[in-house]
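Read off the chains here:
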Amino acid sequence: MLIIVPPSESKRPPPPRGRPVDLDGLSFRELTPLRRRILDALIATSARPDAFERLQVRPAKAGEVARNTRLLELPTRPAFEVYSGPLHEGLGAGALSRAAFDRAQRSVIVTSALWGALRIDDRIPSYRLHVCSRLVDMDRLEPTWRTVLPEVLATAAGPDGLVLDLRSPAYRAIGMPADLGDRTVTVRVDQRGSGRRIGDVVAKRIRGRAARRLLETATAPEGPDALAEILSETWPIRLEAPARSGRPWTLTITADD
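Residues numbered from 1 in each chain as written. Predicted model: local features only at pLDDT ≥ 70, side-chain atom pairs only at ≥ 80, totals over all residues. Heavy atoms only, no water.

(A) View of the sheet that holds strand S6 (residues 163–165). Taken in spatial order, the 7 strands make up an open sheet running S4-S3-S1-S6-S7-S9-S8, and their pairing is mixed. Two strands lie at the open edges of the sheet, namely strand S4 (116–119) and strand S8 (237–240), each paired on one side alone. Pairs of neighbouring strands in the sheet enclose a mean axial angle of 25°, with direction left out of account. Bridge count for strand S1 (residues 2–5) against S6 is 3 bridges, and the pairing is parallel. Bridge assignment links Ile3 to a residue of S6, and that residue is Leu164. Relative to strand S7 (residues 184–191), helix H10 (residues 200–215) is tilted by about 130°, and along the sheet it contacts S1, strand S3 (108–112), S6, S7 and strand S9 (249–255). Set on the sheet, helix H11 (residues 224–231) makes contact with S6, S7, S8 and S9; between it and S8 the angle comes to about 170°. (Pairing = 2+ DSSP bridges. Helix = DSSP H or I, 4+ residues; strand = E, 2+ residues; numbered from the N terminus. Axes fitted to C-alpha atoms, helices over the stretch in contact; angles between N-to-C directions. Contact = heavy atoms within 4.5 Å.)

Below you can see the structure in the form of structure tokens.
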């Protein structure tokens, strides 16, 4: 099983000391040339007078934007420690059992506007970059990553097994696994009793908890029905087949607000 998760806007600050990022040491080395281009463009953009506008952040984030200019020097943490948003909080990779953490190292991929794709133990610095940012001397990031990420994710998924995509549409836009729609499941979260979408923070946390539930299960689900059966032990679940071949399945979790 492959579990694809987004990054998070909130990140833990760099540790006081430690080694900087080793681009050649990150997983998926075929992404290194594009990572270097985007990293250089982010550093240059963050030093410009129009950095806030280009990065789509408020002046209150000035410290994080300034920190972007030192990304090649900053101490690093494992990705699962850097990302601290509600989905990653719900996943709680650092508190998984040893067996579940081993599965997470093999099965979880974080897609990112800066790094493309990471394993959870890849060491990276904290940074500020939204997928919709406009970097100097770069095209839009979504179509740029779509030139390489679909094949990378498909290769990571392997010839069989389920793909669980826990990203929002904005982050799915940087690349879905190529030609694997029939065994890919996306997740939405509804509010119990209303049929409405639940609050964004709560929904992200529940997606993270769903990933945690699967990682703590010794046997990976072989298909969408088996996935729904495991998660139905915790939440009411509705599984919808794709409207046409090649599109992903949709799994809806009903939860309390």
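So, next bit.
(B) Fine view of helix H1 (residues 32–46). Over its 15 residues, H1 extends 21 Å from the first C-alpha to the last, a length consistent with the 21 Å expected when each residue adds 1.5 Å. Thr32, Leu34, Arg35, Ile38, Leu39, Ala41, Leu42, Ile43, Thr45 and Ser46 are the residues of H1 that are buried. The inward-facing, buried residues of H1 abut helix H2 (51–55), helix H3 (62–68), S4 and helix H7 (141–146). (Expected span 1.5 Å × (residues − 1). Buried < 20%, exposed > 50% of the residue type's maximum accessible area, 1.4 Å probe, protein only.)

(C) The packing of aromatic side chains, seen in detail. All told, the structure shown has 3 aromatic pairs when counted by the stated rule. Consider the rings of Phe80 and Phe101, whose centres lie 5.3 Å apart with planes at 75°: the pair is edge-to-face. Taken together, the residues Phe80 in helix H4 (residues 79–82) and Phe101 in helix H6 (residues 98–107) connect sequence positions 21 residues apart. For the ring pair Tyr83 and Tyr127, a centre distance of 6.4 Å and an interplane angle of 90° mean the geometry is edge-to-face. Here Tyr83, found in the loop between H4 and helix H5 (86–91), pairs with Tyr127, found in the loop between strand S5 (123–124) and H7; they are 44 residues apart in sequence, far enough to count as distant. On the accessibility criterion, Tyr83 (1% relative accessible area) is buried. (Phe/Tyr/Trp six-rings, centres within 6.5 Å; stacked < 30°, edge-to-face > 60°.)

(D) Spotlight on unusual backbone geometry. At Phe28, a residue that is not glycine, the phi angle is positive and equals roughly 60°. Counting through the fold element by element, Phe28 comes out in the loop between S1 and H1. Judged by relative accessible area, which is 14%, Phe28 ranks as buried. Unlike most non-glycine residues, Gln56 shows phi in positive territory, near 60°. By the element assignment, Gln56 lies in the loop between H2 and H3. Residue classification places Gln56 among the partly exposed residues on the basis of a relative accessible area of 47%.

(E) Inspection of H11 at higher detail. When H11 is considered as a whole, its buried residues turn out to be Pro224, Leu227, Ala228, Ile230 and Leu231. Burial along H11 is one-sided: seen end-on, the buried residues are contained in an arc of 160°. Opposite the buried face of H11, at more than 90 degrees from it, the exposed residues are Asp225 and Glu229. Contacts from the buried residues of H11 go to S6, S7, H10, S8 and S9. (Arc of directions from axis to C-beta.)

(F) Examining the packing of H10 against H11 more closely. The contact between H10 and H11 brings their axes to 10 Å, and the two run at 100°. It follows from the interaxial angle that H10 and H11 lie roughly perpendicular. Facing Ala210, Arg213 and Leu214 of H10, the residues of H11 in contact are Leu227, Ile230 and Leu231. Looking at the contact of H10 with H11, its residues break down into 5 nonpolar, no polar and 1 charged. (Parallel < 35°, antiparallel > 145°, perpendicular 65-115°, else oblique. Nonpolar A, V, L, I, M, F, W, Y, C, P; charged D, E, K, R; others polar.)

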